[in-house]
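# Understanding the architecture of this molecule
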Amino acid sequence: MNRTLFFIAMLATAGIAHGHDSTAGDGRGRSIDKVNGGITAQAGQSYGDLSTVNGGIDLERGASAGEVETVNGGIDAGDDVATRSVATVNGGIRFGQRARIDGGVETVNGGIFIDRGGNVRHDVSTVNGAIGLVDTDLGGGIETVNGDVTVGAGSHVQGGIHFEKPGGKWGTRWGKPKRPRVVIGPGAVVEGDLAFEREVTLYVHQSARIGHVSGATARRFETPTAPKD
């Protein structure tokens, strides 16, 4: 998760924190850089980088953008949206069908969902938030600490799954922690290692293919959805 920490530090020192809103043009289209307030990328339009501190970012159907970043706010994208990378600190990230993301997708406190036909070239990562992929190709891996993970039907993850141990740099957690639920759905493929540094409940569909598992025992299932815990 060090990339997210780097992102937070950069926001603290970059021009986005200087107390003014700005727009600029480049080869990709108009960039939008704000401190307070949300951003909407209009349907079918091309933009440069989109960034804000306090506000959400909406990308309407068919919009394209460079880096999409916020600190306090969610990122919500419609179908057929293309971006370079997507990151937030406090907020969820949700993409519709046929997403094209050239980099990674990351948040600290919030979930991530990528719908059917998505293509993400690098990692998907959270600290506290669920991750869900449906018929999506992921060129990197999945990284989290406390979130549930669903690699849905037809998805392909090339870089494995890694659960970090709670605590450490993310602070002490009091009481008995919730055990995350990990589901590898029908026809899904997870290449690379599935490494768990904490207790999880791991369900793997009989038609799915996975790499080496450490720190957990896979429970096979045959039904369209995994059993309820």
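Residues numbered from 1 in each chain as written. Predicted model: local features only at pLDDT ≥ 70, side-chain atom pairs only at ≥ 80, totals over all residues. Heavy atoms only, no water.

### Section: the side chain of Asp-123
The condition is simple: Every helix listed is a DSSP run of H or I at least four residues long, and every strand listed is a run of E at least two residues long, numbered separately from the N terminus. The term polar contact refers here to a pair of N or O atoms within 3.5 Å; inside protein, the definition further demands a hydrogen-donor-capable atom paired with an acceptor-capable atom, and it admits residues adjacent in sequence only when both atoms are side-chain atoms.
Position of Asp-123 relative to the elements: it lies in the loop between strand S14 (119–120) and strand S15 (124–125). Only 2.7 Å separates the side chain of Asp-123 from the backbone nitrogen of Gly-141, close enough to count as a polar contact.

### Topic: the pairing of strand S6 (residues 67–72)
The line we're drawing: For two strands to count as paired, DSSP must find a minimum of two bridges between them.
Inspection of the sheet shows strand S4 (residues 47–54) paired to S6 by four bridges, in the parallel sense. In the strand pairing of S6, Ser-51 is matched with Glu-69. Relative to strand S9 (residues 85–87), S6 runs parallel, the two sharing three bridges. The residue bridging Val-68 from the neighbouring strand is Val-86, located in S9.

### A look at the nonpolar core
Stated precisely, the cut-off is as follows: Put simply, a nonpolar core is a bunch of buried Ala, Val, Leu, Ile, Met, Phe, Trp, Tyr and Cys residues held in one set by side-chain atoms that sit within 4.5 Å of each other. For each residue, the accessible area found with a 1.4 Å probe, counting protein chains only, is set against the maximum for its type, and the residue is called buried under 20%, exposed over 50%, and partly exposed in between. Every residue pair with non-hydrogen atoms within 4.5 Å of one another is taken to be in contact.
One finds Leu-50, Leu-59, Ile-161 and Ile-184 to be the most contacted residues of the largest nonpolar core, which totals 43 residues. Ignoring any residue separated from it by four or fewer positions in sequence, one finds Leu-50 in contact with Ile-32, Ile-39, Ala-41, Ile-57, Leu-59, Ala-65, Glu-67, Val-68 and Glu-69. Ranked by size, the runner-up nonpolar core spans six residues in total, among them Val-71, Val-89, Val-127 and Val-145.

### Concerning the confidence of the model for the protein chain
Cut-off, in case you're wondering: Values of pLDDT, ranging from 0 to 100, describe the predictor's confidence in every residue of the model.
Summarising the model, the protein chain shows a mean pLDDT of 88, and 83% of its residues fall at 70 or more. The low-confidence segment residues 12–21 (pLDDT under 50) makes 18 contacts with residues lying over four places distant or belonging to another chain.

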